[in-house]
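# An overview of the molecular structure
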Amino acid sequence: MPGGITESGEPYSPFVGLVYMFNLIVGTGALTMPKAFASAGWVVSISLISFLGFMSYMTTTFVIEAMASTNAQLRWKRREQEEVHDSDSTSEYSDDDVVVRGRSELETKPILSVQRSGGHVDHFDIVERVEMGQMASMFFNKVGVNMFYICIIVYLYGDMAIYAAAVPISLMEMACGNHSCSAGSVKYNDTDPCWGSVTRKDAYRVFLSVFILFLAPFTFFNAQKTKYLQILTSLMRWIAFTMMIILALIRIGKDSGKGRPAVASFSGVPNLFGVCVYSFMCQHSLPSVVTPISDKKRVGTLVLVDYTLILVFYVLLSFTAIFCFDSTLLHDMYTLNFTDNCDVLNIPILRYFLGLFPVFTISTNFPIIAVTLRNNWKTLFFRDGGTYPWVVDRIVFPLITLVPPIIVAFFTNNLESLVGITGAYAGTGIQYIVPACLVYYSRRHLEPTVGRDAINKHRSPFRHTFWVGFVLVWAVSCLMFVTANIILTDTKK
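Let us look at the structure shown here.

Quick notes on the rules
- Residues numbered from 1 in each chain as written.
- Predicted model: local features only at pLDDT ≥ 70, side-chain atom pairs only at ≥ 80, totals over all residues.
- Heavy atoms only, no water.
- Helix = DSSP H or I, 4+ residues; strand = E, 2+ residues; numbered from the N terminus.
- Contact = heavy atoms within 4.5 Å.
- Areas by Shrake-Rupley, 256 points an atom, 1.4 Å probe, with all protein chains shown as cover.
- Phe/Tyr/Trp six-rings, centres within 6.5 Å; stacked < 30°, edge-to-face > 60°.
- Buried < 20%, exposed > 50% of the residue type's maximum accessible area, 1.4 Å probe, protein only.
- Lys NZ or Arg CZ within 6 Å of the ring centre and 35° of its normal.
- Axes fitted to C-alpha atoms, helices over the stretch in contact; angles between N-to-C directions.
- Parallel < 35°, antiparallel > 145°, perpendicular 65-115°, else oblique.
- Left-handed = near helix turned anticlockwise from the far one by under 90°.
- Nonpolar A, V, L, I, M, F, W, Y, C, P; charged D, E, K, R; others polar.
- Salt bridge = Lys/Arg side-chain N within 4 Å of Asp/Glu carboxyl O.

It is worth spelling out the overall build of the protein at this point. Counting secondary structure elements, the protein contains 16 helices and four strands. Contacts spanning at least 24 positions in sequence make up 88% of the contacts within the protein whose residues lie at least 6 apart. For the protein, the accessible surface area stands at approximately 23,200 Å², while carbon and sulfur atoms represent 63% of it.

In this section: the packing of aromatic side chains. Taken as a whole, this structure holds 32 aromatic pairs when the rule is applied. With a centroid separation of 5.6 Å and an interplanar angle of 75°, the aromatic rings of Phe22 and Phe313 are classed as edge-to-face. Of this pair, Phe22 sits in helix α1 (residues 14-25) while Phe313 sits in helix α12 (residues 299-324), and the two are 291 residues apart along the sequence. Phe313 shares its class with Phe22; the two are buried. Where Tyr334 meets Phe338, the ring centres are 5.2 Å apart and the plane angle is 80°; that geometry is what we call edge-to-face. Assessed through its relative accessible area of 0%, Tyr334 is described here as buried. Overall, Phe338 belongs to the buried group, its relative accessible area being 0%. Just above the ring of Phe410 sits the side chain of Arg205; from NZ or CZ to the centre is 4.3 Å.

Right, let's get into the packing of helix α7 (residues 142-176) against helix α8 (residues 200-215). Where α7 meets α8, the closest approach of the two axes is 8 Å, and the angle between their N-to-C directions is 125°. In terms of orientation, α7 lies oblique with respect to α8. Classified by chirality, the crossing of α8 by α7 is right-handed. Residues Tyr163, Ala164, Ala165, Val167, Pro168, Ile169, Leu171, Met172, Glu173, Ala175 and Cys176 of α7 form the contact with α8, whose own contacting residues are Arg200, Ala203, Tyr204, Phe207, Leu208 and Phe211. Partitioned by chemical class, the residues of the contact of α7 with α8 number 15 nonpolar, no polar and two charged.

Contact geometry for helix α2 (residues 28-40) and helix α10 (residues 269-279): axes closest at 9 Å, N-to-C directions at 155°. Between α2 and α10, the angle is such that the two are roughly antiparallel. Note that α2 runs across α10; the crossing there is left-handed. Listed contacts from α10 to Gly29, Ala30, Thr32, Met33, Ala36, Phe37 and Ala40 of α2 are Val269, Asn271, Leu272, Val275, Cys276, Tyr278 and Ser279. Looking at the contact of α2 with α10 residue by residue, the class counts come to ten nonpolar, four polar and no charged.

One can find Val471 in helix α16 (residues 465-492). The buried category is assigned to Val471, whose relative accessible area is 0%. Spatially, the C-alpha atom of Val471 lies 9.8 Å from that of Ser56, the residues being 415 residues apart in sequence. Aside from chain neighbours lying at most four places away, what touches Val471 is Met55, Met58, Thr59, Phe62, Tyr432 and Ala436.

Turning our eyes to something else, we now look at the pattern of salt bridges. Scanning the model with the defined rule gives seven salt bridges in all. For Arg443, the salt bridge goes to Glu65, with nearest N and O atoms at 2.8 Å. One end of the pair, Arg443, is in helix α15 (residues 415-450); the other, Glu65, is in helix α3 (residues 42-89), and 378 residues separate them in sequence. Classification of Glu65 by relative accessible area gives buried; the value is 4%. The residue Asp393 makes a salt bridge to Lys378 at a minimum N-O spacing of 2.8 Å. Taken together, the residues Asp393 in helix α14 (residues 390-411) and Lys378 in helix α13 (residues 348-381) connect sequence positions 15 residues apart.

Listed below in structure tokens is the structure:
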């Protein structure tokens, strides 16, 4: 996550990169999308998700272009430093040094000159992984850098609150739900009993406490995602999502679907917007996914293919859901609709697998997001040459990382609202505003160095400045619309 330059990691093929990006984007947000689709209407939903998918694809190409520009800028700065070092160490030189100096004079030519003179080095190659925080530090002023870190910290807080609520909800539903074949038409309240005098809300908080007890300690140390953990969680994700789509299609094919979704309901649009923005989020992790790709000649095509597949996947998952289940009975966590309805799935072990699916996948990601958020806090307050006291470094930062999302999850388990708010505000900043500003300022910084004629092979298809302005105007308009809707909704209440 934001910070400095790191190694690119073990290289992998473009196909593996496509799979990694798919798995990165398709996560928890997809499970909250069916209910958001039902509340907004299917025509409005498919129109909005298609447009937001296009906007996310555009800003993804912006980030990739900025990554290439940053690599070129870093190479140029490194060469300048080497030339200064060489000139300082060769104030007097022999005949042999003349040859060396003649060679170094070629090195002082602009990048464009080297390329035209037959050099084979492509300075826009993405070979060093430069995270968004480092790019912001290079291209933004101090205020811009601080705004970036605040935005990504808020987003990560929302992420943690969503994860902290999703796991206890799944556990509570599995422990307290009526898993008989007649339970599909039952709508539970938080005050309904779970175990004797213990209500469902109490059970949720018990499971939340257990979740925090087991996973919170990782925030005080370092947690690294392993390759095998990625493979396991990815396999479970594919099995679960594919199973849900097929089961819903089978029920619809038998003409047993209970869903009668509205064509359009604009009251559900603000929340759908937030859910869709959250569900297309990948910009903050692109450096980690794109940099290790061994052959980046067609990375733009791969990104387009990925977004197309993801859009089709989301539409298929959500449409089968809203026509399979009664809209009023759709859970915030879509997997739970398969645990209490034997008409759709009557194999107990598979019902428990889907019910507990979020527990396994989300629990493995929570410590990583917590450590990432903690490190972002450290970076935001870091001053050159300074170090943090042990208490601040090991106690204070982990606590300010954990306490806010735990408090939020303790008082609300409304996943649809959590995802909607996180996506609508912090998500808009990370997915739209930051990429647009990065690509705009990276172009301005790079032009004096390489000239206007230099060609960035990874430049966005949306290279005209109009598109940068369009993204920014769209982002501001969305923030105003969502805020106005929230105010009006609260006023009506």
